[in-house]
Amino acid sequence: MTEEVERNADPVSRRRISGFVLVPLIAFALMVLFSWGLFWGGDDLPSALLGKPVPDFALPPVLGREEGLSTQDLIGHVSLVNVFASWCVPCRAEHPLFMELSATGEVPLYGINYKDPPDQARAWLDELGDPYARIGADINGRAGIEWGVYGVPETYVIAPDGTIAYRHVGPITRAILQETLLPIVRDHKTQSAKEKTP
């Protein structure tokens, strides 16, 4: 009789054990998928602003600078807009590439300093260098909301007509700069030059 009770209890205990094992495995799988999308698939996040005019905004300069950034500064030429913050570790990683890009003069780079204490933004730029033609201080994050910023860093290609041509979420690497951003910039420059030629 004892054998019979043990045999009957076996399937129930197996189900309980499999349930206790299955739930954590599913949770782990979901966390892996979420992490993958957050850290490696972020540049594919959709943007409702692609092909539309940049938001209407006017930001004061960061501490130590004389000129801020506004919608009007982005019209009439191809440019890049980089949303960054001193507290953002990936921003620090991509910054040397922006310093190099700035030195080439190929495309103006504008910055939106996102939710940063003014003295920390200034110290960060003093330490790492300032590749930006203009920087607007978005201390309360209002402009970031208008731009649809998910998080920092984010980088946008702005067409000469002031529309958002491309958006990259996450840090810029040399490959992304050379194989994605700069070809888009060059295409828009070529197109703009053709439109100006009679």
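In what follows, the accompanying structure is described. From a predicted model like this one, the values you see are computed outputs, not experimental measurements.

Quick notes on the rules
- Residues numbered from 1 in each chain as written.
- Predicted model: local features only at pLDDT ≥ 70, side-chain atom pairs only at ≥ 80, totals over all residues.
- Heavy atoms only, no water.
- Salt bridge = Lys/Arg side-chain N within 4 Å of Asp/Glu carboxyl O.
- Disulfide = S-S within 2.5 Å.
- Buried < 20%, exposed > 50% of the residue type's maximum accessible area, 1.4 Å probe, protein only.
- Phe/Tyr/Trp six-rings, centres within 6.5 Å; stacked < 30°, edge-to-face > 60°.
- Helix = DSSP H or I, 4+ residues; strand = E, 2+ residues; numbered from the N terminus.
- Pairing = 2+ DSSP bridges.
- Axes fitted to C-alpha atoms, helices over the stretch in contact; angles between N-to-C directions.
- Polar contact = N/O pair within 3.5 Å; in protein donor to acceptor, adjacent residues only side chain to side chain.
- Contact = heavy atoms within 4.5 Å.

If you walk through the whole model with that rule in mind, you get 7 salt bridges. Residues joined by salt bridges that share partners form a network here, namely Glu 67, Asp 73 and Arg 134.

Overall, the coordinates contain 1 disulfide when judged by the stated rule. Disulfide partner of Cys 88: Cys 91, at an S-S distance of 2.4 Å. The sign of the 85 degrees torsion about the S-S bond sets the Cys 88-Cys 91 disulfide as right-handed. The pair formed by Cys 88 and Cys 91 is uniform in burial state, with each residue classed as buried.

Inspection of the entire model under this criterion finds 4 aromatic pairs. When the ring of Phe 84 is compared with that of Tyr 132, the centres are 4.9 Å apart and the planes differ by 10 degrees; the resulting orientation is stacked. One end of the pair, Phe 84, is in strand β3 (residues 79–84); the other, Tyr 132, is in the loop between α3 (118–128) and β5 (134–138), and 48 residues separate them in sequence. Residue Phe 84 is classed as buried on the basis of its relative accessible area of 1%. Following the ring pairs from residue to residue traces out a cluster consisting of Phe 57, Trp 147 and Tyr 156.

What follows concerns the sheet that holds β5. One open sheet holds the 5 strands; their spatial order is β5-β4-β3-β6-β7, and the pairing between them is mixed. The outermost strands of the open sheet, each flanked by one partner alone, are β5 and β7 (164–169). Pairwise comparison of adjacent strand axes, ignoring direction, gives a mean angle of 15 degrees for this sheet. Here strand β4 (residues 109–114) runs beside β5; their pairing, made up of 5 bridges, is parallel. The residue of β5 that forms the bridge with Gly 111 is Ile 135.

Before going further, it helps to spend a moment on unusual backbone geometry. Put simply, Val 152 and Pro 153 share a cis peptide bond, and its omega is -5 degrees. As for its placement among the helices and strands, Pro 153 is situated in the loop between α4 (142–147) and β6 (154–158).

Another point: the side chain of Thr 155. Relative to the helices and strands, Thr 155 resides in strand β6. The class of Thr 155 is buried, set by a relative accessible area of 0%. Separated by 3.0 Å, the side chains of Thr 155 and Asn 82 make a polar contact. Excluding residues that lie within four positions of it along the chain, Thr 155 makes contacts with Val 81, Asn 82, Glu 94, Phe 98, Tyr 166, Arg 167, His 168, Ile 172 and Leu 181.

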